[in-house]
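Structural characterization, general
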Amino acid sequence: MSNHFEKPDHARADWTIDQDWSRYTDEEHAVWDLLYKRQMEVLPGRAAPEFLDGLKALDLGRGGIPDFEVISDELEALTGWRVVAVPGLVPDDVFFDHLANRRFPAGQFIRKRNELDYLQEPDVFHDVFGHVPMLTNPVFADYMEAYGKGGLRSLNYAALKNLAALYWYTVEFGLIRTDEGLRIYGAGIVSSKTESIFALEDPSPNRIGFDLERLMRTDYRIDDFQQTYFVIDSYDQLFRATVDTDFAPIYERLQGKFAHGPEDVLDRDEVITRGTQAYAKAGGRF
Ligand code: HBI
Ligand code: FE
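Right, let's walk through the structure included here. (Residues numbered from 1 in each chain as written. Chains lettered and ligands numbered in written order. Predicted model: local features only at pLDDT ≥ 70, side-chain atom pairs only at ≥ 80, totals over all residues. Heavy atoms only, no water.)

Moving on: the overall build of the protein chain. Each helix and strand counted, the protein chain has 13 helices and seven strands in total. When its C-alpha atoms are laid out on the principal axes, the protein chain stretches across 55 × 40 × 35 Å. Here the protein chain, with 286 residues, has 56% of them falling under the buried criterion. For the protein chain, long-range pairs separated by at least 24 residues make up 70% of all intrachain contacts whose partners lie at least 6 apart in sequence. (Helix = DSSP H or I, 4+ residues; strand = E, 2+ residues; numbered from the N terminus. Buried < 20%, exposed > 50% of the residue type's maximum accessible area, 1.4 Å probe, protein only. Contact = heavy atoms within 4.5 Å.)

Next up on the list: helix α2 (residues 49-57). For α2, the full list of buried residues reads Phe 51, Gly 54 and Leu 55. Along the long axis of α2, the arc covered by the buried residues comes to 100°, so they all point the same way. In this structure, the buried side of α2 is in contact with α1 (26-42), α5 (124-131) and α8 (187-190). Just downstream of α2 lies Asp 59, where phi reads positive at about 50°. (Arc of directions from axis to C-beta.)

Distances from the iron ion (ligand 2) to its protein donors, His 126 (NE2), His 131 (NE2), Glu 172 (OE) and Glu 172 (OE), fall within 2.0 to 2.8 Å. In this structure, the iron ion (ligand 2) is coordinated by four donor atoms arranged in irregular fashion, with angles at the metal of 52 to 137°. Each donor residue of the iron ion (ligand 2) lies on the same chain, and together they follow the pattern H-x4-H-x40-E. Note that His 131 is positioned in helix α5 and Glu 172 in helix α7 (residues 160-172), a separation of 41 residues in sequence. By relative accessible area, His 131 is classed as buried at 5%. (Donors = N, O, S within 2.8 Å, 3.2 Å for Na, K, Ca; no water. Tetrahedral: all angles 85-135°; square planar, octahedral: opposite > 155°, others 65-115°.)

Our next topic: the sheet that holds strand β6 (residues 228-232). The five strands are arranged β4-β3-β6-β5-β7 in an open sheet whose pairing can be described as mixed. Two strands close off the open sheet at either side, each with one partner strand: β4 (181-184) and β7 (271-273). Each neighbouring strand pair of the sheet contributes to a mean axis angle of 35°, computed without reference to strand direction. Note: strand β5 (residues 206-209) against β7, two bridges, orientation antiparallel. Bridge pairing links Ile 208 to Val 271 in β7. (Pairing = 2+ DSSP bridges. Axes fitted to C-alpha atoms, helices over the stretch in contact; angles between N-to-C directions.)

With that settled, consider the pattern of salt bridges. Under the defined criterion, the tally for this structure stands at 21 salt bridges. When the shortest N-O distance is used, the salt bridge between Glu 69 and Arg 82 registers 3.3 Å. One end of the pair, Glu 69, is in helix α3 (residues 68-79); the other, Arg 82, is in strand β1 (residues 82-86), with 13 residues separating them in the sequence. With relative accessibility at 52%, the residue Glu 69 sits in the exposed group. As a salt-bridge pair, Arg 177 and Glu 270 come within 3.1 Å of each other at their nearest N and O atoms. Remark: Glu 270 occurs in the loop between α12 (247-254) and β7 and Arg 177 occurs in strand β3 (residues 175-178); sequence separation between them is 93 residues. Given a relative accessible area of 29%, Arg 177 falls into the partly exposed group. (Salt bridge = Lys/Arg side-chain N within 4 Å of Asp/Glu carboxyl O.)

The next subject is the pairing of β1. Consecutive residues of a regular strand have side chains that alternate between opposite faces of the sheet. Taking burial as the measure, the five residues of β1 include four buried ones, the bulk of the element. In this structure, β1 lies alongside strand β2 (residues 103-107), joined through five bridges in parallel fashion. Each residue of the ladder has a partner; that of Arg 82, found in β2, is Arg 103. The β-α-β motif built from β1, the intervening helix α4 (residues 92-100) and the parallel element β2 has right-handed crossover chirality. (Right-handed = clockwise from strand over helix to strand, strands pointing away.)

A separate point is the packing of aromatic side chains. Scanning the entire structure with this criterion turns up 25 aromatic pairs. Each ring, one from Phe 198 and one from Tyr 229, has its centre 6.5 Å from the other, and the planes form 65°; the classification is edge-to-face. Separated by 31 residues along the polypeptide, Phe 198 in helix α9 (residues 193-201) and Tyr 229 in strand β6 bring together distant segments of the chain. The buried category is assigned to Phe 198, whose relative accessible area is 5%. Plain terms: the ring middles of Tyr 220 and Phe 258 are 6.1 Å apart, the flat faces sit at 70° to each other, and that makes the pair edge-to-face. Linking Tyr 220 in the loop between α10 (212-216) and β6 with Phe 258 in the loop between α12 and β7, this pair joins segments that are 38 residues apart in sequence. In terms of burial, Tyr 220 and Phe 258 fall into one category: buried. Through a chain of ring-to-ring contacts, the aromatic side chains of Trp 168, Tyr 169, Phe 173, Tyr 220, Phe 230 and Phe 258 assemble into a single cluster. (Phe/Tyr/Trp six-rings, centres within 6.5 Å; stacked < 30°, edge-to-face > 60°.)

Shown next as structure tokens:
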């Protein structure tokens, strides 16, 4: 899953670019506002309290695409993270290096009004609305840094697929157990109206308790709703599992391969919901 592509001429060595906030058009700001409004119709009672607190702390609903300088100053005061602009996907080593240094690389562009629901590269709405609120949480913020540092260490192994699965099933598509029931904290879910409902309420997907190595052995869907969501008990569980584990023996065991399909349920899984997989069996794709 290593990604090799050309750095655009206007990007710096670390792939960052100027956000050029003053050059967003009224239409681009309006697309942000529309996406924001749609998500706020579904997220109260579904998103994790830490995510909703983060949205509020950074005032991401102030109207229009946020100015990275403004939200970075606020975020830095809370957890030491900053948001930097990038053209889109960046190479793995560059991505890990930003995270390891508490910089979140966010796509500068925003999707068009006629493609609100599906896009191939992360845009400013996915990255800033989806990812940045959780970075206001001190423990989650530490987890993200630890992930970046682990990523840099992993570059000597054939480990990227397995490490990417960990990111996928936590940072992008993670659920958390709360006293009020399951909640979403994964950026890929909270930035999608339909998946926010599907991930929590649909009978199709499995919902399984978090187990670090189990996640890293599990293939995933990149172009459709997940067939399995993994559920953490706390962000501390996530952070501790990452920093207390020596990944080298795991990489040795896994050999850059997946042992389980996206829909598999194993005997020793802590099954919270065993999915019917009706959605995937019917062909999926929304
Ligand atoms: N680049 N901008 C951006 N955003 C990502 O989420 C991202 C990336 N490059 C690599 C990457 N993710 C993944 O390969 C890692 O999560 C493993
Ligand atoms: Fe993302």
